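So the chains spell out like this:
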Amino acid sequence: QVQLVESGGGLVQAGGSLRLSCAASGRILIIYTMGWYRQAPGKQRELVASITRGGITNYADSVKGRFTISRDNAKNTVYLQMNSLKPEDTAVYYCNAEILSSLGSRTNDYWGQGTQVTVSS
């Protein structure tokens, strides 16, 4: 099957930076859109940023100008560089990927296990 493994979360002071990584492994033919979502306590999961295989990016308004999403197709990895972090960025961050595992099949959405990001004021 397919696994997404995230890393890079942690505790940081407001104004600081963190870089999240998410590596996909397993039965992968093509990875289409990859993205990062987050879920704060008591809130719904929300899209933070996404990137297509060709590099077209999309950001939530709340993170524009502070976060940068990128990917390395050769490594099946997506990154999220987070700068100027704010306490309201505190959440569990989840990696998501749309993956085709074999010819003739359909794509499926996969999720990572989540990584905690805590920003102290």
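Look above for the structure.
Everything numeric here is computed off the predicted structure, so don't read it as measured data. (Residues numbered from 1 in each chain as written. Predicted model: local features only at pLDDT ≥ 70, side-chain atom pairs only at ≥ 80, totals over all residues. Heavy atoms only, no water.)

(A) Highlighting the state of the cysteines. The tally for this structure, following the rule as stated, stands at 1 disulfide. Between the sulfur atoms of Cys 22 and its disulfide mate Cys 95 the distance is 2.1 Å. Note on the Cys 22 and Cys 95 pair: the S-S dihedral is about -80°, so by sign convention the disulfide is left-handed. Remark: Cys 95 occurs in strand β9 (residues 91–100) and Cys 22 occurs in strand β3 (residues 18–26); sequence separation between them is 73 residues. Summarising the burial analysis for this pair, Cys 22 and Cys 95 share the class buried. (Disulfide = S-S within 2.5 Å. Helix = DSSP H or I, 4+ residues; strand = E, 2+ residues; numbered from the N terminus. Buried < 20%, exposed > 50% of the residue type's maximum accessible area, 1.4 Å probe, protein only.)

(B) Seen up close, the sheet that holds strand β1 (residues 2–7). With respect to topology, 4 strands assemble into an open sheet ordered β1-β3-β8-β7, the strand pairing being antiparallel. For this open sheet the edge positions go to β1 and β7 (67–72), each flanked by a neighbour on one side alone. Neighbour-to-neighbour, the strand axes of the sheet open up by a mean angle of 15°, direction not taken into account. (Pairing = 2+ DSSP bridges. Axes fitted to C-alpha atoms, helices over the stretch in contact; angles between N-to-C directions.)

(C) Highlighting the packing of aromatic side chains. Applying the stated criterion to the full structure yields 1 aromatic pair. Between Arg 19 and the ring centre of Tyr 79, over which it is positioned, the NZ or CZ distance is 4.1 Å. Positioned above the aromatic ring of Tyr 94, the side-chain terminus of Arg 45 is 3.7 Å from the ring centre. (Phe/Tyr/Trp six-rings, centres within 6.5 Å; stacked < 30°, edge-to-face > 60°. Lys NZ or Arg CZ within 6 Å of the ring centre and 35° of its normal.)

(D) Inspection of the pattern of salt bridges at higher detail. Enumeration over the complete set of coordinates arrives at 4 salt bridges. A salt bridge links Arg 38 to Glu 46; its shortest N-O distance comes to 2.7 Å. Residue Glu 46 is classed as partly exposed on the basis of its relative accessible area of 37%. A salt bridge links Asp 89 to Arg 66, with the nearest nitrogen and oxygen atoms 2.8 Å apart. In this pair, Asp 89 is assigned in the loop between β8 (77–82) and β9 and Arg 66 in the loop between β6 (57–59) and β7, connecting sequence segments 23 residues apart. When sorted by exposure, Asp 89 lands in the same class as Arg 66, which is buried. Linked through salt bridges whose partners overlap, the residues forming this network are Arg 38, Glu 46, Arg 66 and Asp 89. (Salt bridge = Lys/Arg side-chain N within 4 Å of Asp/Glu carboxyl O.)

Bear in mind that shape data such as this cannot, by itself, settle questions of function.
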